[in-house]
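Listed below are the residues making up each chain.
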Amino acid sequence: MSSKKAKSSKLVIVGSGLAGYTLAREVRRHDKIFPITVITADTGEYYSKPQLSNALSHQKSPDQLALFSREKYAQQFNLDIKASCFINSIIEIENIIGSDYSHLVLATGANPVNLPELQDAHVVNDLDDYRNFRGVIQGQKKITIVGAGLVGCEFANDLISAGYEVTVIAPENYPLASLIPEQAGLALKAALAEKGVNWQLGRYFQPEDNQGIILSAVGLRPNVALAKSANLAVNRGILVSEYLETSQEGIYALGDCAEVFGRVLPYVAPLTLGARALAKTILGERTAVEYPVMPVHIKTSLYPVVVTPVEKGENRWEIESDEDGLTALCYTPAGKLVGFCITGRHSSKSNEFLARI
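Residues numbered from 1 in each chain as written. Predicted model: local features only at pLDDT ≥ 70, side-chain atom pairs only at ≥ 80, totals over all residues. Heavy atoms only, no water.

Further remarks concern the overall build of the protein. Scanning the protein from terminus to terminus reveals 10 helices and 18 strands. Taken over the C-alpha atoms alone, the protein extends approximately 65 × 55 × 35 Å along its principal axes. Counting all 357 residues of the protein, 49% fall into the buried class. Counting every atom, the protein has about 17000 Å² of accessible surface; 46% of that belongs to carbon and sulfur. If the 34 positive side-chain charges of the protein are averaged to one point and the 38 negative ones to another, these points end up 4 Å apart. (Helix = DSSP H or I, 4+ residues; strand = E, 2+ residues; numbered from the N terminus. Buried < 20%, exposed > 50% of the residue type's maximum accessible area, 1.4 Å probe, protein only. Areas by Shrake-Rupley, 256 points an atom, 1.4 Å probe, with all protein chains shown as cover. Lys, Arg positive; Asp, Glu negative; His and termini not counted. Charge placed at Lys NZ, Arg CZ, Asp CG, Glu CD.)

Set out below in structure tokens:
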């Protein structure tokens, strides 16, 4: 890899999603002139991907979600953005910009899981996908969502709030089964059902379900194709150290594509913390990323949920519920509080529970 023998300091970021652009912005907080090139397969607009799943209820059009055009973002943060560049190998990067760079960061995100039975379904993984989806559902009434994870639940909440008839199909017995305890999931299910969501859980999508508008939300997989082409170590995601460095010196990974401390963390908080640490490392102050307890605020406004993801295993949940919602505290076998899930009106108290961990 030529970056080890680079002739000058220069940062190359592959990907213009939240991870790539947050890193560029963090570097600019400390250094206004350090050369940064961003290579992206899309148009390079700056937008917040998490906002795609609640844009309807916030009455935001796809164009309103794009906060900066590529040109404006490049100008504001002094970036060289190479848009509409599909990269399949490190050699292709060097063909575009040359080999004279010191740091390469893969911020390639995650790709939707593709199931054969859902080939005709729509997916929303970026702003262009969302533009297409909004165009397709215009004038329609019924939408079927396949998947009851975070994305599926947030879109169900958004679409039902916007007046659509929504059906959710998933094999799990309750929504958000990988994130929250069953009692909380059943409470979320009941709250959205009361608003009109038709839950068809405990079963898989069938050919006869393929009628009308289908939105696939069955999950995401880290995009590791470029890392594999460079023979970098890969597990579920691109394996990185506490410095977000891959198995090859000078190459880093950040965001949904990275596997840090054995975990893939597809959330905004770890991405932001990683970008802050990596920006310092790139500028010469080698800094390890540290993750505190990081609550995930699930955008189901009809029944808010805040959860701190915890490892499955011997941990136990202690759950209380009242008219304001549900409070679930997660303890280790030794009795140490390691996480929580709070719902309904209790969701506004996340800082109080954080202070107890």
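Pairing in this open sheet of 5 strands is antiparallel, and the strands run 14-15-18-17-16 from one edge to the other. With one partner strand each, in any of the chains shown, strand 14 (296-298) and strand 16 (316-322) form the two edges of the open sheet. Between one strand axis and the next, the sheet turns through 15 degrees on average, direction left out of account. Relative to strand 17 (residues 325-331), strand 16 runs antiparallel, the two being bridged by 7 bridges. Residue pairing across strands places Ser-321 opposite Leu-326, the latter belonging to strand 17. (Pairing = 2+ DSSP bridges. Axes fitted to C-alpha atoms, helices over the stretch in contact; angles between N-to-C directions.)

With that settled, consider the packing of helix 1 (residues 18-30) against helix 9 (residues 268-282). If you want to describe how two helices pack, look at the angle between their axes and the distance between the axes. For the pair helix 1 and helix 9, interaxial distance at closest approach is 8 Å and the crossing angle is 45 degrees. By the angle between their directions, the pair helix 1 and helix 9 is classed as oblique. In terms of crossing hand, the pair formed by helix 1 and helix 9 is right-handed. From helix 1, Leu-18, Ala-19, Thr-22, Leu-23, Glu-26, Val-27 and His-30 reach across to helix 9, where they touch Val-268, Leu-271, Ala-275, Arg-276, Leu-278, Ala-279, Lys-280 and Ile-282. (Parallel < 35°, antiparallel > 145°, perpendicular 65-115°, else oblique. Left-handed = near helix turned anticlockwise from the far one by under 90°. Contact = heavy atoms within 4.5 Å.)

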